[in-house]
Amino acid sequence: MNRKRVLFICIHNSARSQMAEAFLNDICGEQFEAHSAGLEPGKLNPIVVEAMQEIGIDISRNQTKAVFDRYISGKSFAYVITVCDEASAERCPIFPGVTTRLHWSFPDPSALPGTHDEKLAGIRKIRDAIKAKIEAWCAGVCSHALA
């Protein structure tokens, strides 16, 4: 089966897009090949890594990647999904030449205030919201494809 490529984009590729990539590959990897990138690649958020490890997904070896590098790679993507929050939406990049563009707004984990435990609690909520969105999207896209 020819899997469709999906690119998740956010500002730094340090949290939201990394989680979305991991969830899509885990939940619906037989149908999709997920990738992620950022406008200004940063460093992987260690609390996000911790939150993902809690549910058995290890992203600790992932590298952050630049949108421009994905563009010049020549790979085409069936879907490009931006996962920036509404406040950053104007900075969230547009990826040219795609079949379908979607925007799913999630809060920025790097902007969460508080102690480590408070940030982890906030990231868990974001993680769970991303997972739920991926599950719902996969159910809709896959059932539509089978119809």
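Calculation notes
Residues numbered from 1 in each chain as written. Predicted model: local features only at pLDDT ≥ 70, side-chain atom pairs only at ≥ 80, totals over all residues. Heavy atoms only, no water. Phe/Tyr/Trp six-rings, centres within 6.5 Å; stacked < 30°, edge-to-face > 60°. Helix = DSSP H or I, 4+ residues; strand = E, 2+ residues; numbered from the N terminus. Buried < 20%, exposed > 50% of the residue type's maximum accessible area, 1.4 Å probe, protein only. Polar contact = N/O pair within 3.5 Å; in protein donor to acceptor, adjacent residues only side chain to side chain. Pairing = 2+ DSSP bridges. Axes fitted to C-alpha atoms, helices over the stretch in contact; angles between N-to-C directions. Contact = heavy atoms within 4.5 Å. Core = buried A, V, L, I, M, F, W, Y, C linked by side-chain atoms within 4.5 Å.

*Asks:* Would you mind showing me how to read the packing of aromatic side chains here?
*Replies:* Centre-to-centre distance and the angle between the planes together describe a pair of aromatic rings. Applying the stated criterion across every chain yields a total of 5 aromatic pairs. Each ring, one from Phe32 and one from Tyr79, has its centre 6.2 Å from the other, and the planes form 75°; the classification is edge-to-face. In this pair, Phe32 sits in strand S2 (residues 32-38) while Tyr79 sits in strand S3 (residues 79-82), placing the two residues 47 residues apart along the sequence. Here the two residues Phe32 and Tyr79 agree in accessibility, since each one is buried. Ring centres 5.1 Å apart and planes at 35° place the aromatic pair Phe32 and Trp137 in the tilted group. One end of the pair, Phe32, is in strand S2; the other, Trp137, is in helix H4 (residues 116-146), and 105 residues separate them in sequence. Accessibility expressed as a relative area gives 0% for Phe32, which makes it buried. Since its relative accessible area comes to 13%, Trp137 is described here as buried.

*Asks:* What's the story with helix H2 (residues 46-54) in this structure? I'm lost.
*Replies:* Given 3.6 residues to a turn, an α-helix orients residues that are three or four positions apart in the same direction. For H2, the complete set of buried residues consists of Ile47, Val48, Val49, Ala51 and Met52. Here H2 starts with a cap whose side-chain oxygen sits 2.9 Å from the backbone nitrogen of Ile47, and that cap is Asn45. Trailing H2 by a residue or two, Gly56 shows a phi angle of about 85°, which is positive.

*Asks:* What's the story with the sheet that holds strand S1 (residues 4-10) in this structure? I'm lost.
*Replies:* The strands making up a sheet associate through backbone hydrogen bonding, with each pair oriented either parallel or antiparallel. If you walk across this open sheet you meet the 4 strands as S2-S1-S3-S4, and the pairing is parallel. Since the sheet does not close on itself, it has two edges, and those belong to S2 and strand S4 (100-103), each with one partner. Put simply, the sheet's adjacent strands are angled 20° from each other on average, direction ignored. Two strands pair when backbone bridges link them, and S1 and S3 are joined in this way by 4 bridges, in the parallel orientation. Bridging across to S3, Phe8 finds its partner in Ile81. Taken strand by strand, helix H1 (residues 16-28) contacts S1 and S2, and its axis lies near 175° from that of S2.

*Asks:* In this structure, what is going on with the nonpolar core? I would like to understand it.
*Replies:* Note that soluble globular proteins tend to have their nonpolar side chains buried in a common cluster. Residues Phe8, Leu24, Phe32, Ile134 and Trp137 are the most contacted members of the largest nonpolar core, which totals 37 residues. Taken together, the elements giving at least two residues each to this core come down to S1, H1, S2, H2, S3 and H4. Here this core gets 9 residues from one element, more than from any other, and that element is H4. Apart from the residues lying within four places of it in its own chain, the contact partners of Phe32 are Arg3, Lys4, Val6, Leu24, Asn25, Tyr79, Trp137, Val141 and Cys142. One finds Leu7, Ile9, Ala37 and Val67 within the second-largest nonpolar core, a separate group that totals 6 residues.

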